[in-house]
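Structural overview for review
Residues per chain are reported as follows:
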Amino acid sequence: AKLEGRNNYQFYSCATHAESPVRLTMESQLYHALERNEMFLVYQPRVDVKSGRIVAVEVLLRWNNKDLGFVPPISFIPVAEDTGLILPIGDWVMHEACRQCRLWTDAGLTLKVAVNLSARQFKNKNLLRATVSAINAYGIDPGLFELEITESILMNHTESSVATLRQLSDMGVGIAIDDFGTGYSSLAYLKRFPVHALKIDRSFINEITQEAEDLAIVRAISSLARSLHLKVIAEGVETEAQLQFLQYPECDEYQGYLFSKPTTAEKISDMLSSGIVI
Ligand code: C2E
Ligand code: CA
Ligand code: CA
Ligand code: CA
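We now turn to the structure provided with this report.

Conventions and cut-offs
- Residues numbered from 1 in each chain as written.
- Chains lettered and ligands numbered in written order.
- Predicted model: local features only at pLDDT ≥ 70, side-chain atom pairs only at ≥ 80, totals over all residues.
- Heavy atoms only, no water.
- Near = heavy atom within 4 Å.
- Polar contact = N/O pair within 3.5 Å; in protein donor to acceptor, adjacent residues only side chain to side chain.
- Areas by Shrake-Rupley, 256 points an atom, 1.4 Å probe, with all protein chains shown as cover.
- 1 Å grid on protein atoms, 1.4 Å probe; cavity = no way out; pocket = protein on both sides within 12 Å on 5 of 7 lines; lining within 4 Å.
- Sits in = over half its atoms within 2 Å of the grid points.
- Helix = DSSP H or I, 4+ residues; strand = E, 2+ residues; numbered from the N terminus.
- Phe/Tyr/Trp six-rings, centres within 6.5 Å; stacked < 30°, edge-to-face > 60°.
- Buried < 20%, exposed > 50% of the residue type's maximum accessible area, 1.4 Å probe, protein only.
- Lys NZ or Arg CZ within 6 Å of the ring centre and 35° of its normal.
- Donors = N, O, S within 2.8 Å, 3.2 Å for Na, K, Ca; no water.
- Pairing = 2+ DSSP bridges.

**Some points on the site of ligand 1**
Looking at ligand 1, there are 21 residues lining it, with Gln44, Arg62, Arg202, Glu238 and Tyr257 nearest. Note that an oxygen atom of ligand 1 is positioned 2.8 Å from one of the side-chain N or O atoms of arginine 62. For ligand 1, an oxygen atom lies 3.1 Å from a polar atom in the side chain of aspartate 178. Protein chains bury 82% of the 810 Å² of accessible surface belonging to ligand 1 in isolation. In this structure, ligand 1 is accommodated by the largest pocket. Per element, the largest residue contribution to the shell around ligand 1 is four residues, and it comes from strand 2 (residues 54–65).

Now the structure itself:
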């Protein structure tokens, strides 16, 4: 379906799974999820490897539905994509993230918020307007806002989506490539796109302590990033041993269950103001 106009989203069913009753329920429930206040955000700390301090949070969407219960994002995000609902939902996520960032700033806590961008949002011609509107609505420093875009999504760029990234980057918005190393993107993109950070996919971190190849890959990504002046963030760090292995490849930040699972804004504030360091 073609999208026309900001407040006039068109919806269609995904042909392949349209018959599945769960899928149909999910679709019809998803349509009302925002107005029924069923969506909320959780935040996962990104920790500076050297200082052990929280410097950013990844914003992660949650959906708790009266009929379906808690639906994980890997299940409902594709449905939101297919139906086009990801556009109003994505706008809501950006607004909510900026609102929370403002609250943290007002409380004297400097924290960057990193929001995930879906394929549909990336391709949408209103991406610039939607992002700027969220940032301006709460008057936050654009430097405290980051977009996470996967390699595969970046691959399907258009002239206008690249131009949008450049405009956002010029404003100070950060652009991170998510799940780095799992897609098929050409390294030339790192030169062509205004990218500020690489998030190494957690599949490389998972067995970094046993698999020499994984360590080699993480090291290669880190040194590439360093020479291109990009920040490197390791995802899915679950153990102290994995963290030890990330000291030598010199990752800048890490994120994972070792430090904290995604949690509420209140818990993040508590962690920050108590200045806990592991
Ligand atoms: P992602 O962007 O790669 O997000 C990281 C996922 O890894 C999150 O899952 C997080 O909870 C999980 N994770 C973090 N640390 C660890 C760890 O140490 N071990 C393990 N095993 N997992 C860890 P989550 O929240 O279920 O989100 C899954 C995916 O859903 C995200 O993957 C992202 O692609 C998508 N998603 C979540 N929120 C949004 C959103 O607001 N917009 C869009 N477009 N996509 C979203
Ligand atoms: Ca992400
Ligand atoms: Ca990721
Ligand atoms: Ca992922």
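**Topic: the packing of aromatic side chains**
Summed over the entire model, instances satisfying the criterion amount to three aromatic pairs. Consider the rings of tryptophan 63 and phenylalanine 76, whose centres lie 5.5 Å apart with planes at 80 degrees: the pair is edge-to-face. Of the two residues, tryptophan 63 is situated in strand 2 and phenylalanine 76 in helix 2 (residues 73–83); the sequence distance between them amounts to 13 residues. Note on phenylalanine 76: relative accessible area 0%, which makes it buried. Residues tyrosine 189 and phenylalanine 193 carry aromatic rings whose centres are separated by 5.0 Å and whose planes lie at 40 degrees to one another, so their mutual orientation is tilted. Like tyrosine 189, the residue phenylalanine 193 is buried in the burial classification. Lying across the ring of tyrosine 257, lysine 261 places its NZ or CZ 4.7 Å from the centre.

**Overview of the coordination of the calcium ion (ligand 2)**
Every protein donor of the calcium ion (ligand 2) is accounted for by Glu58 (OE), Asn116 (OD1), Glu148 (OE) and Asp178 (OD), and the metal-donor separations fall at 2.2 to 2.3 Å. Here the donor residues of the calcium ion (ligand 2) share one chain and are spaced in sequence as E-x57-N-x31-E-x29-D. The calcium ion (ligand 3) is placed at 3.8 Å from the calcium ion (ligand 2), the two being bridged by aspartate 178. Of this pair, glutamate 58 sits in strand 2 while glutamate 148 sits in strand 5 (residues 145–150), and the two are 90 residues apart along the sequence. Each member of the pair, glutamate 58 as well as glutamate 148, carries the same accessibility label: buried.

**Description of the coordination of the calcium ion (ligand 4)**
On the protein side, the calcium ion (ligand 4) has Asp179 (OD) and Asp179 (OD) as donor atoms, found 2.9 to 3.1 Å from it. Separating the calcium ion (ligand 4) from the calcium ion (ligand 3) is a gap of 3.9 Å, which aspartate 179 spans by donating to each of them. Along the chain, the position of aspartate 179 falls in strand 6 (residues 174–180).

**Quick notes on the pairing of strand 8 (residues 231–234)**
The pairing of strand 7 (residues 197–200) with strand 8 spans four bridges and is classified as parallel. Bridge assignment links leucine 198 to a residue of strand 8, and that residue is valine 232. The pairing of strand 8 with strand 9 (residues 253–254) spans two bridges and is classified as parallel. In the strand pairing of strand 9, isoleucine 233 is matched with glutamate 253.

Just distances and angles here, no functional claims.
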